[in-house]
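Chain by chain, the residues run as shown.
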Amino acid sequence: TLLWSGIVTAGDHVFVDKVRWNFSRPKRGSIMVFSTDGIAGLIPGTHYIKRMVGVPGDTLRIDQPFLFVNGEKLMKPEAVAKISMREPPYCQPQYGDGYIPPTGPEASYLRSPSETVSLAHAQYFGLGDNTSNSKDGRYWGAVPQDKLVGPAFMVYWPFSERWGLAR
């Protein structure tokens, strides 16, 4: 089974709310957009988009198919619960049911149930909605707060079933 099994679509264009996190703290479950500049293992000068699953002070662990935060199975907020439970639109049976943990020299974090990641002050952790087909925080670790651009707000291109508010 999969930890996450979401929509895998390259090329979506999104609006990012660059103001919100100036007035409120980033929240677990947000779709975070961040700059890759200065993050080891990532090509600088671009932006990535991932689901925020860890906030400062959290300790994360994966015991497939679930993500545990501070010893508790992560089932909140609702967006995260839907991904964990593989509810529509976060189920893609064509990718198979086998969770494939990250392997090879690039995979550095949360490779087994005994490994944890503890987030310091001003660190965030993101996973892809489809972990079996996603390079995410398991490969580069935490994202520093000063690299966060903002939460994704809306998919504005292409005009398809994904067009509209980011979920």
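Bear in mind that the values here come from a model prediction, so they are computed numbers and not experimental data.

Novice: I tried to follow the pattern of salt bridges on my own but got confused; where do I start?
Specialist: Close approach of charged atoms allows side chains with opposite charge to pair. Taken as a whole and judged by the stated rule, the model has 5 salt bridges. The residue Asp-58 makes a salt bridge to Arg-28 at a minimum N-O spacing of 2.6 Å. Here Asp-58 is found in the loop between β3 (47-54) and β4 (59-63), whereas its partner Arg-28 is found in the loop between α1 (20-23) and β2 (31-35), with 30 residues between them in sequence. Residue Asp-63 pairs with Arg-61 through a salt bridge whose shortest N-O separation is 3.7 Å.

Novice: Mind showing me how you'd approach unusual backbone geometry here?
Specialist: With glycine set apart, most residues show a phi of negative sign, and most peptide bonds adopt trans. Backbone geometry places Leu-110, a non-glycine residue, at a positive phi of 55°. As for its placement among the helices and strands, Leu-110 is situated in the loop between α2 (78-84) and β7 (117-118). The phi torsion at Ala-122 lies on the positive side, around 65°, for a residue other than glycine. Residue placement: Ala-122 occurs in the loop between β7 and β8 (123-127).

Novice: Looking at this structure, how should I read the nonpolar core?
Specialist: Among soluble globular proteins, nonpolar side chains are generally buried collectively. Core analysis: the biggest nonpolar cluster contains 13 residues, and Val-53, Leu-60, Leu-67, Leu-74, Leu-110, Leu-119 and Phe-125 have the highest contact counts within it. Going through the elements one at a time, β4, β5 (66-69) and β8 are the ones with two or more residues in this core. Contacts of Leu-110, omitting those with residues within four sequence positions, involve Leu-60, Arg-61, Ile-62, Glu-115, Thr-116, Val-117, Phe-125 and Arg-138. In this structure, Phe-34, Leu-42, Met-52 and Val-143 belong to the second largest nonpolar core, which totals 12 residues.

Novice: Would you take a moment to explain the environment of Lys-50 for this structure?
Specialist: Tracing the backbone shows Lys-50 in strand β3. A residue is classified by how much of its surface remains accessible, and Lys-50, at 14% relative accessible area, is buried. For the pair Lys-50 and Asp-129, spaced 79 residues apart in sequence, the C-alpha separation works out to 7.3 Å. Here Lys-50 is in contact with Ser-30, Ile-31, Met-32, Phe-34, Gly-126, Leu-127, Gly-128, Ser-134, Lys-135, Asp-136 and Trp-140, once residues within four sequence places are set aside. A polar contact is formed between the side chain of Lys-50 and the backbone oxygen of Lys-135, at a distance of 2.9 Å.

Novice: Got a minute to help me understand the environment of Lys-73 in this structure?
Specialist: The residue Lys-73 is located in strand β6 (residues 72-73) in this model. C-alpha of Lys-73 to C-alpha of Asp-63: the two residues are 10 residues apart in sequence and 9.3 Å apart in space.

Novice: I keep staring at the pairing of β8 and nothing clicks. Help me out?
Specialist: Side-chain positions along a regular strand alternate between the two faces of the sheet. Along β8, 4 of the 5 residues are buried, which leaves the element largely enclosed by surrounding structure. In this sheet, strand β9 (residues 143-144) lies alongside β8 in antiparallel orientation, the contact comprising 2 bridges. Each bridged residue has a counterpart across the sheet, and for Tyr-124 the counterpart in β9 is Val-143.

Cut-offs used in this document
- Residues numbered from 1 in each chain as written.
- Predicted model: local features only at pLDDT ≥ 70, side-chain atom pairs only at ≥ 80, totals over all residues.
- Heavy atoms only, no water.
- Salt bridge = Lys/Arg side-chain N within 4 Å of Asp/Glu carboxyl O.
- Helix = DSSP H or I, 4+ residues; strand = E, 2+ residues; numbered from the N terminus.
- Core = buried A, V, L, I, M, F, W, Y, C linked by side-chain atoms within 4.5 Å.
- Buried < 20%, exposed > 50% of the residue type's maximum accessible area, 1.4 Å probe, protein only.
- Contact = heavy atoms within 4.5 Å.
- Polar contact = N/O pair within 3.5 Å; in protein donor to acceptor, adjacent residues only side chain to side chain.
- Pairing = 2+ DSSP bridges.

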